[in-house]
Amino acid sequence: SVFLPPGTFLRAAAVRRQGFTGLDRVDYVPVNLETDVIGPPLVKAGFDPQQRSVFVWMGVSMFLTAASIDKTLSSLAELSSPGSWITMDYFSADHVRAGTSGMLRKERDLASRLGEPVLFGINPPDMTTLMSSHGFCVRENASGDQLTHRYSGNTRRSIDFWLVTSAQRVTAS
């Protein structure tokens, strides 16, 4: 099964190419990551911690507190068997603090007007340390510019404040 928060989009074919099976069922598990621990609702919905899993956590971290991110990573680490993956996006702390990117300012202003202020940013070396502290080994930290170039061939700078990390669970909890 695949367990997703409401509104998440997942390309099952891409997940299958990585050798993950059981994509015949998708369950939506609503969780408030600021107030709730993600583990118990996932297990209650049928999540099997003994199976390798892929967690795709996109468009969320920048709107949470650092404590909530740490709590969620801790819970996911407890649920993850070795070989499991997590992919998440985040904003660069340097850019969040400096506010020098016009695109980031627009993103922050829009999010704040919608009641979701940008609360979190972290730089790639610190993301590597954070993931490692939860037993995940970062396999890649890619910037928005790198991803834009990789997948579209476009070489112009575009989203320098946005990053994506992919990390694999290397130790059992």
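Residues numbered from 1 in each chain as written. Predicted model: local features only at pLDDT ≥ 70, side-chain atom pairs only at ≥ 80, totals over all residues. Heavy atoms only, no water.

Undergrad: Can you help me understand the pattern of salt bridges in this one?
TA: Two side chains bearing opposite charge may form a pair once their charged atoms approach each other closely. One pass over the structure, following the stated rule, counts one salt bridge. In this structure, Arg150 engages Glu140 in a salt bridge whose closest nitrogen and oxygen atoms are separated by 2.4 Å. Remark: Glu140 occurs in strand 5 (residues 136-143) and Arg150 occurs in helix 7 (residues 144-152); sequence separation between them is ten residues. Looking at Glu140, the relative accessible area reads 30%, which means it is partly exposed. (Salt bridge = Lys/Arg side-chain N within 4 Å of Asp/Glu carboxyl O. Helix = DSSP H or I, 4+ residues; strand = E, 2+ residues; numbered from the N terminus. Buried < 20%, exposed > 50% of the residue type's maximum accessible area, 1.4 Å probe, protein only.)

Undergrad: I keep staring at the environment of Tyr90 and nothing clicks. Help me out?
TA: With respect to the helices, strands and loops of the structure, Tyr90 is situated in strand 4 (residues 85-91). Judged by relative accessible area, which is 0%, Tyr90 ranks as buried. Sequence-wise, Tyr90 and Met62 are 28 residues apart; in three dimensions their C-alpha atoms are separated by 5.8 Å. In contact with Tyr90, other than residues within four places in its own chain, are Ser61, Met62, Ile122, Asn123, Pro124, Met127, Asn141, Phe161, Trp162, Leu163, Val164 and Thr165. A polar contact is formed between the side chain of Tyr90 and the side chain of Asn141, at a distance of 2.7 Å. (Contact = heavy atoms within 4.5 Å. Polar contact = N/O pair within 3.5 Å; in protein donor to acceptor, adjacent residues only side chain to side chain.)

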